[in-house]
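The lines below spell out each chain.
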Amino acid sequence: MGATDVAFGKDDNDQAAQFTAPNVYLDLRTTYATAPGGAIGIGFGNTSLFSVLGAIALAAGHTPSTVPTHIKLPTVHAVTVDIPLTVDLNDRVSVYGGVSVNANTVPLGGWTDIDIASWNVGFQADLYKQNGGALPTVTVQSTITQSLPIGPFATTNFNNVIEFDYALDEDQTKGFFFGLQDTRVVVQSASAEVHPSMIGYAGGYYQWPNNWKASARVGVQSFGGVDLLNRTLIQPFTQPIIRLDLDRMDDNDNRVFGVMVQIQWIPQPSYQLTFRTPLYLTGN
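Worth saying up front: this structure is predicted, and the values here are computed from it rather than measured.

Caption draft 1: Spatial organisation of the overall build of the chain. On a plain count of helices and strands, the chain comes out with three helices and 17 strands. Within the chain, the fraction of its 284 residues that count as buried is 40%. Long-range pairs, those at least 24 residues apart, make up 56% of the contacts in the chain between residues at least 6 apart in sequence. Accessible area of the chain: about 14,800 Å², with a carbon and sulfur share of 61%.

What follows is the structure in structure tokens.
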């Protein structure tokens with residue numbers, strides 16, 4: 001309800017008729033990812049996965065005597081399940097918070113046990129809605145992720161995104177967007193430093209009458225690298241990144257199912273495959 005509705009004093013019956021309960025759901029996201037040996041890349045949004053790969057890289061770099069310098073650490077495979085409880089307060093603002101569980105491969109072979117890897121809280125808000133006008137919709141998203149358990153390699157990640165979405169039709173079924181993502185990481189140990197990551201990207205989307213929606217993002221990621229014990233553990237890089245999404249929406253534009261594929265060069269290729277299966281507790 002807008003401020004003007006309150007100012008002009010609509011009666012209680014009108015307000016009750018217009019009240020819509022918020023969407024409340026578990027926005028389950030299951031991700032399988034690979035990262036080249038001794039490398040990490042933040043990518044689009046998934047700082048819970050970065051927490052896992054970052055801890056592995058820092059732990060490996062902290063004990064160089066156990067691995068000869070001429071032997072490259074193997075590629076890491078990880079499976080992460082994000083379980084944020086999400087509340088769409090209205091069509092402009094959503095808040096969320098939850099935990100992530102993880103399992104990953106280890107250098108000597110095999111997989112670790114499934115365990116809680118991090119918790120996160122955040123929000124997403126439309127600062128401006130296009131609504132058929134000449135200016136694009138402006139959306140901001142901010143997430144804080146704390147890795148677990150707390151220890152010398154624990155990280156606190158601050159991920160912020162601003163995106164501009166210009167729809168080409170009134171129903172917003174097709175359009176293009178561009179945006180910027182900024183990620184800052186604080187390591188518990190003073191002996192390690194993760195430098196900032198920035199991603200600039202552009203893309204577009206199209207939604208068919210049967211409510212399938214496809215979107216693509218192409219951008220450049222600039223990562224400042226990782227320092228540990230006064231040496232460079234992971235070199236800085238500036239490399240391309242690609243993300244492709246396919247979502248099944250309902251008639252109220254709520255996601256029913258989604259799949260995302262991401263390829264980022266860090267500088268060797270790193271792959272992510274994510275399935276989104278939201279479980280609606282209440283919804284429109």
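Still more ground to cover, so stick around.
Caption draft 2: Spatial organisation of the nonpolar core. Formed by 20 residues in total, the largest nonpolar core has its most connected members in Ile40, Leu49, Phe50, Leu53, Val194, Phe223 and Val226. Of all elements in the fold, only strand S2 (29-35), helix H3 (47-62), strand S3 (76-88), strand S8 (174-187), strand S9 (192-194) and strand S12 (226-228) reach the threshold of two or more residues within this core. No other element matches H3, which puts three residues into this core. Residues Val161, Phe177, Tyr205 and Ile241 belong to the second largest nonpolar core, which totals eight residues.

Caption draft 3: Layout of unusual backbone geometry. Leu148 connects to Pro149 through a cis peptide bond whose omega is -5 degrees. Within the secondary structure, Pro149 is located in the loop between strand S6 (137-147) and strand S7 (155-167). Following Ile266, the chain continues into Pro267 via a peptide bond in cis, with omega recorded as -5 degrees. Mapped onto the fold, Pro267 is located in the loop between strand S15 (255-265) and strand S16 (269-276). Of note, the phi angle at Asn211 is positive, near 75 degrees, even though the residue is not glycine. Asn211 gets classed as buried once you look at its relative accessible area, which sits at 15%.

Caption draft 4: Focus on the pairing of strand S5 (residues 115-128). Bridge count between strand S4 (residues 93-104) and S5: ten bridges; the pairing is antiparallel. Within S5, the residue paired with Val101 across the bridge is Ile116. Of the strand pairs in this sheet, S5 and S6 are connected by ten bridges, and their pairing is antiparallel. Following the sheet pairing, Gly122 is matched in S6 by Thr143.

Caption draft 5: Spatial organisation of a nonpolar patch on the surface. Residues Val99, Ile116, Trp119, Val121, Ile144, Leu148, Ile150, Phe158 and Val186 make up a contiguous nonpolar surface patch of about 690 Å² in total accessible area. Considering every element that reaches the nonpolar patch, the biggest residue donor is S5, with three residues. Mapping Ile144 onto the fold places it in strand S6. Relative accessible area serves as the criterion here: at 31%, Ile144 is assigned to the partly exposed category.

Caption draft 6: Representation of the pattern of salt bridges. Taken as a whole and assessed by the stated rule, the structure comprises nine salt bridges. Here Arg184 makes a salt bridge to Asp182, at a shortest N to O gap of 3.0 Å. Judged by its relative accessible area of 42%, Arg184 falls in the partly exposed class. Given the relative accessible area of 17%, Asp182 is considered buried.

Caption draft 7: Fine view of the side chain of Ser118. For Ser118, the position within the fold is in strand S5. Other than its neighbours up to four places away in sequence, Ser118 contacts Ser48, Gly98, Val99, Ser100, Thr145, Gln146, Ser147 and Leu148.

Thresholds, definitions, all that
- Residues numbered from 1 in each chain as written.
- Predicted model: local features only at pLDDT ≥ 70, side-chain atom pairs only at ≥ 80, totals over all residues.
- Heavy atoms only, no water.
- Helix = DSSP H or I, 4+ residues; strand = E, 2+ residues; numbered from the N terminus.
- Buried < 20%, exposed > 50% of the residue type's maximum accessible area, 1.4 Å probe, protein only.
- Contact = heavy atoms within 4.5 Å.
- Areas by Shrake-Rupley, 256 points an atom, 1.4 Å probe, with all protein chains shown as cover.
- Core = buried A, V, L, I, M, F, W, Y, C linked by side-chain atoms within 4.5 Å.
- Pairing = 2+ DSSP bridges.
- Patch = residues over 30% accessible without salt bridge, like charges linked within 9 Å, V, L, I, M, F, W, Y side chains within 5 Å.
- Salt bridge = Lys/Arg side-chain N within 4 Å of Asp/Glu carboxyl O.

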